[in-house]
There are 2 protein chains.
Amino acid sequence: MTTQEPLCADIDPTKFNKANVPTPALLLDLDLFESNVKTMADHCQGAGVNFRPHAKTHKCPDIAKRQIAAGAIGICCATIQEAEAMVAAGIPGVLLTSPIVEPVKIARMMSLVQHGQRVLLAVGHTREVELLAAAAETANVNVDLLVDVDIGDRRTGVLPGQPAVELAQFIEKHKRLRVCGVQSYAGHASHVVGFEAREKASRDAMAKSVETRELLNKAGFDARILSGGSTGTYNIDSEIRGVTELQVGSYVFMDIDYRVIGGKTSGQNYTDFQHSLTVLTTVVNATHADRVSVDAGTKAIDTTTSFKPEAKGWSNLIYNRGGDEFGILTAEPGAKLPQIGDRLEFIVPHCDPTTYLYDRIYAMRGEKVEAIWPIAARREETKR
Amino acid sequence: MTTQEPLCADIDPTKFNKANVPTPALLLDLDLFESNVKTMADHCQGAGVNFRPHAKTHKCPDIAKRQIAAGAIGICCATIQEAEAMVAAGIPGVLLTSPIVEPVKIARMMSLVQHGQRVLLAVGHTREVELLAAAAETANVNVDLLVDVDIGDRRTGVLPGQPAVELAQFIEKHKRLRVCGVQSYAGHASHVVGFEAREKASRDAMAKSVETRELLNKAGFDARILSGGSTGTYNIDSEIRGVTELQVGSYVFMDIDYRVIGGKTSGQNYTDFQHSLTVLTTVVNATHADRVSVDAGTKAIDTTTSFKPEAKGWSNLIYNRGGDEFGILTAEPGAKLPQIGDRLEFIVPHCDPTTYLYDRIYAMRGEKVEAIWPIAARREETKR
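Residues numbered from 1 in each chain as written. Chains lettered and ligands numbered in written order. Predicted model: local features only at pLDDT ≥ 70, side-chain atom pairs only at ≥ 80, totals over all residues.

Focus: the overall build of chain A
Rules: Per the convention used, a helix needs a DSSP run of H or I reaching at least four residues, while a strand needs a run of E reaching at least two, with both numbered from the N terminus. Radius of gyration here uses only the C-alpha atoms, and the compact-globule reference equals 2.2 Å multiplied by the residue count raised to the power 0.38. Here a residue counts as buried when 20 or more other C-beta atoms sit within 10 Å of its C-beta, as exposed when there are 12 or fewer, and as partly exposed otherwise, the C-beta atoms being derived from the backbone. By the convention adopted here, residues are in contact when the distance between their C-beta atoms, placed from the backbone, does not exceed 7 Å.
Per the secondary structure count, chain A includes eleven helices and 17 strands. Since a compact globule built from 384 residues should have a radius of gyration of about 21 Å, the 22 Å found for chain A is in line with a globular shape. Its C-alpha atoms give chain A principal-axis dimensions of about 70 × 50 × 35 Å. Classification of the 384 residues of chain A by burial places 58% in the buried group. The long-range share in chain A, meaning contacts at least 24 apart out of those at least 6 apart in sequence, stands at 69%.

Given below as structure tokens:
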């Protein structure tokens, strides 16, 4: 297991508020966050589908615990560090969704299978299966696997249909390994703009994994799980017969990339979930009449996607990168710029890689810091 | 002061080598790194100019110590965390190059001025000066300042000439504050492609700070320092009369963004410094004939600039982002793709924000890990 000191346990949250948190800082509006957690839980309960939220978004056991408390059957993880942090926090049903082929990481996963509750892995290649089988034998554990089916993303998984069945057959040649379903992520569908177009993209993609799951069951496997979906398609995939659980991630935070895809009933803006996550910044320069600088650049806000950070409560400001340490704000004609020392919160284009830039989340109740949550699984492992 | 546990001190580096370091990992080729450190030190010694390398590139006290040992007169820092980590490591001559206007951070800087050796700050606005003066009074310390002069970047500092002189006059109205020179960063010049064009851009920009320094000295200030320059302009700025020290950063690592600017004598590729920094990755999927996936996406390599990561030793591979966790490699016609489980090292487009994604650097001697260095100043402060 990893040894990680309590990153934030020794910091007194009551000393902090929105006016004195050192910037740049990652803030979570707890009211909006709790609303998001409940909205997704209610939807899944109503639709009769399970959900296993993805921790790659937050890497934060405190958030995972709240998702579990709301009814999630487990937590998806993209890395071994995430899986270790979640199991260490007592989270059940950890599913490693990404392939691993490094023997040391596989051995660490075997330790989690032994010590965690209902830990499972997705696999997409015979080489992974061979490594897992050997490690399972050494560790003397039985391992539950999902067949990772590539339904169009072309980055992980095996092809649907017969190739997936053959991989399942290869898996069960190894007595320590058991197939219990399939996993599919249609990343190419999650951000399709417009609900109808997105629905078509997701249904077309997921049909391949539904069919693959049926083929597996016909071939004698116990493929009881079909895990997939995203925040963008949660209310599409939950209606697809054969999908048993949703791997929703971003809904807890929401970001601009998701807002602009449009909702089922809410038109151009996707308003099912609220922007609970912001980056708090300070204006540190105001030399020029046409711009000010804030202390948040490439190291504070991910800007690899198409959209720009938006200053909350300042509708006519435009953010541009000003290098690694700074952002440059300009104003639309007639609009006012903030002053030096002013503190601005930015809604971010992409929540996952922005969160990754921080060690902690300040969990805010209004202006007050209610708790400081470590982004524990961000850190590199310290296994010796 | 901050309390930070030794991030890597409890990990035995001798257990690691290039074949078993968990990926993605940040590697430093020590032979190339040491060559870079020496090349810059030799150049500055030959040119009769001081150098105060910038820690924003590496955030690593172990690297700063080696820069000091090679003759650097101090270390530049962009954040309070960097300054605290460097002072805690015994680094002298820490210069905070970025503006700060948060009272808590300013109080922390006062503590560094008290406990560090020759700590100084750059300031660019009267508001900063007022806050610093009050904090210096409270802490009962004298503070040395550089006037941060905006010579074209338009993101920090005061305008050159009379505005800078007026700011200096305002500074010295406060008895605890002393002006000891100017700082200028011409970020718009550092990456100009082609040596002659870059030389013109840097000379035009730096002329403004040279003139400002002269104005200050004529006005009775003791402006003995002019700190500026970059890796791209080190051999330009070192020849400018009136520049006393270079704030070079990226030269220790080098990246693609700098390589493509061209050298003074080396044509299209800037070869004064070597690519010592790489990101080690593993091929985790090989389902398709036309591509493989590596475990390094947005969270492992900064891709906000124009260039793409390059696989070392694989000349015909093309890297494209495959989301936050993955990179997709395709091959040029006729070229071979790597296989699942293969480990590839990538030279990165931009070293500073890539380094920021990691907690540690594996310092390699050939295939072996010689040391593991914490990127100590990456972490958010833990001041209570």
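Remarks on the sheet that holds strand β2 (residues 50-51) of chain A
Residue and element names in this part refer to chain A. Using the following cut-off: At least two bridges found by DSSP between two strands are what make those strands a pair. For helices, the fitted axis covers only the stretch in contact; all axes are lines through C-alpha atoms, and the angles between them, taken along N-to-C directions, range from 0 to 180 degrees.
Here eight strands make up an open sheet; going across it, the order is β2-β9-β8-β7-β6-β5-β4-β3 and the pairing parallel. Two strands close off the open sheet at either side, each with one partner strand: β2 and β3 (75-77). Bridge count for strand β7 (residues 177-184) against strand β8 (residues 225-228) is four bridges, and the pairing is parallel. Residue Val 182 lies in a different strand from β8, and its bridge partner there is Leu 226. On top of the sheet, helix α6 (residues 162-172) reaches β6 (143-148) and β7; it is set at about 155° to β7, its chief contact.

Focus: the nonpolar core
Operational definition: A set of buried Ala, Val, Leu, Ile, Met, Phe, Trp, Tyr and Cys residues, joined to one another through C-beta atoms within 7 Å, is what we call a nonpolar core.
By size, the foremost hydrophobic cluster in this structure holds 240 residues, and its most contacted members are Tyr 362 of chain A together with Tyr 362 of chain B. Ignoring anything within four residues of it in the chain, the contact list for Tyr 362 of chain B reads Phe 16, Val 21, Ala 25, Leu 26, Leu 27, Leu 28, Val 369 and Ile 372 of chain B.

As for the interface of chain A and chain B
The test is simple: Following the grouping adopted for this structure description, the nonpolar residues are Ala, Val, Leu, Ile, Met, Phe, Trp, Tyr, Cys and Pro, the charged ones are Asp, Glu, Lys and Arg, and the polar ones are all others, Gly among them.
Chain A puts 59 residues into the contact, and the matching count from chain B is 59 residues. Counting residues per element, the ones that place at least two in the side of chain A that touches chain B are α4 (103-115), β10 (277-285) and α11 (351-355) of chain A. With three residues, the single largest contributor to the side of chain A that touches chain B is β10 of chain A. Of the residues belonging to the side of chain A that touches chain B, the class tally is 17 nonpolar, 20 polar and 22 charged.

With respect to the packing of α4 of chain A against helix α5 (residues 126-139) of chain A
The description of two packed helices rests on the angle between their axes and on the distance between the axes. Residues and elements named next belong to chain A. Heads up, the condition is: Angle categories are assigned with fixed cut-offs, so that under 35 degrees is roughly parallel, over 145 is roughly antiparallel, 65 to 115 is roughly perpendicular, and the rest are oblique. If you view the pair so one helix is near and one far, a crossing is left-handed when the near helix is turned anticlockwise from the far one by less than a right angle, and right-handed when it is turned clockwise.
In the contact formed by α4 and α5, the axes pass within 9 Å of each other and the chain directions differ by 50°. Relative to α5, the element α4 lies oblique. For the crossing formed where α4 meets α5, the hand is right-handed. Taking contact as the criterion, the partners of Pro 103, Ile 106, Ala 107, Met 110 and Gln 114 in α4 are, on α5, Leu 131, Leu 132, Ala 135, Ala 136 and Ala 139. Looking at side-chain class alone, the contact of α4 with α5 contains nine nonpolar, one polar and no charged residues.

A closer look at the relation of the copies chain A and chain B
Worth spelling out the cut-off: The least-squares superposition of copies is restricted to C-alpha atoms, and to residues with a pLDDT of at least 70 in both copies.
Of the two same-sequence chains, chain A is brought onto chain B (RMSD 0.0 Å, axial shift 0.0 Å) by a rotation of 180°. Within this description, the copies of the chain are treated as partners about a two-fold rotation axis. Among all residues of chain A, the one whose C-alpha sits closest to the rotation axis is Thr 304 of chain A, at a distance of 2.8 Å. A shared interface surface links the copies, since 100% of the contact residues of chain A are contact residues in chain B too.

Regarding unusual backbone geometry
Residues Thr 23 of chain A and Pro 24 of chain A are joined by a peptide bond in cis, for which omega reads -5°. With respect to the helices and strands, Pro 24 of chain A occurs in the segment before β1 (25-29). If you check the backbone angles, Asn 140 of chain B has positive phi at about 60° while not being a glycine. Here Asn 140 of chain B shows up in the loop between α5 (126-139) and β6 (143-148). The exposure class assigned to Asn 140 of chain B is exposed, which follows from the 9 C-beta atoms found within 10 Å. Notably, Arg 154 of chain B is not glycine yet its phi reads approximately 55°, a positive angle. Mapped onto the elements of the fold, Arg 154 of chain B is located in the loop between β6 and α6 (162-172).

A word on α4 of chain A
Residues and elements named next belong to chain A. Which entries qualify depends on this criterion: For a helix, the expected span equals 1.5 Å multiplied by the residue count minus one.
With 13 residues, α4 should reach 18 Å at 1.5 Å per residue; the first-to-last C-alpha distance of 19 Å fits that figure. Those residues of α4 not exposed but buried are Lys 105, Ile 106, Arg 108, Met 109, Met 110, Leu 112 and Val 113. Buried positions along α4 lie against α3 (80-88), β4 (94-96), β5 (120-123), α5 and β6.

Comments concerning the sheet that holds strand β4 (residues 94-96) of chain B
Residue and element names in this part refer to chain B. Sheet architecture is open: eight strands sit in the order β2-β9-β8-β7-β6-β5-β4-β3, paired in parallel fashion. If you trace the sheet from one side to the other, it starts and ends with β2 (50-51) and β3 (75-77), each paired once. Taken together, the three bridges between β3 and β4 define a ladder with parallel strand orientation. By the bridge assignment for β4, Ile 75 is matched with Val 94. Against the sheet, helix α8 (residues 195-218) touches β7 (177-184) and β8 (225-228), its axis set at about 160° to β7.

Points about helix α1 (residues 30-47) of chain B
Residues and elements named next belong to chain B. Selection criterion: Directions from the helix axis toward the C-beta atoms define the arc.
In this model, α1 (18 residues) spans 26 Å end to end at C-alpha, consistent with the 26 Å of a helix rising 1.5 Å per residue. Within α1 the residues assigned to the buried category are Phe 33, Asn 36, Val 37, Met 40 and Cys 44. Axial view of α1: buried residues confined to an arc of 95°, hence all on one face. Opposite the packed face of α1, turned more than 90 degrees from it, sit the exposed residues Asp 42 and Gly 46. Each element contacted by the buried residues of α1 is listed here: β1 (25-29), β2, α2 (61-69), α9 (234-237) and β9 (245-246).

Focus on the pairing of strand β14 (residues 327-331) of chain B
All names here are of chain B. Sheet topology note: the strand β11 (residues 292-294)/β14 ladder contains three bridges and is antiparallel. Pairing of Val 294 across the sheet is with Gly 327, part of β14. Here five bridges tie strand β13 (residues 317-321) to β14, and the two strands are oriented antiparallel to one another. From the neighbouring strand, Arg 321 faces β14, where its bridge partner is Gly 327. Connecting β13 to the antiparallel partner β14 that follows it, the hairpin turn spans five residues, and Gly 323 within it adopts a positive phi of roughly 95°.

With respect to the environment of Ala 135 of chain A
All names here are of chain A. Residue placement: Ala 135 occurs in helix α5. Considered as a pair, Ala 135 and Arg 108 are 27 residues apart in the sequence and their alpha carbons are 9.5 Å apart. The contact partners of Ala 135, leaving out residues within four places of it in the chain, are Ile 106, Ala 107 and Met 110.

A short note on the packing of α3 of chain A against α4 of chain A
Residues and elements named next belong to chain A. It is at 10 Å that the axes of α3 and α4 come closest, and there the two elements cross at 20°. As the angle between them shows, α3 and α4 are arranged roughly parallel. When you trace α3 past α4, the crossing you get is left-handed. Two secondary-structure elements touch here, α3 through Ile 80, Ala 83, Glu 84 and Val 87 and α4 through Lys 105, Arg 108, Met 109, Leu 112 and His 115. Counted by class, the contact of α3 with α4 contains five nonpolar, one polar and three charged residues.

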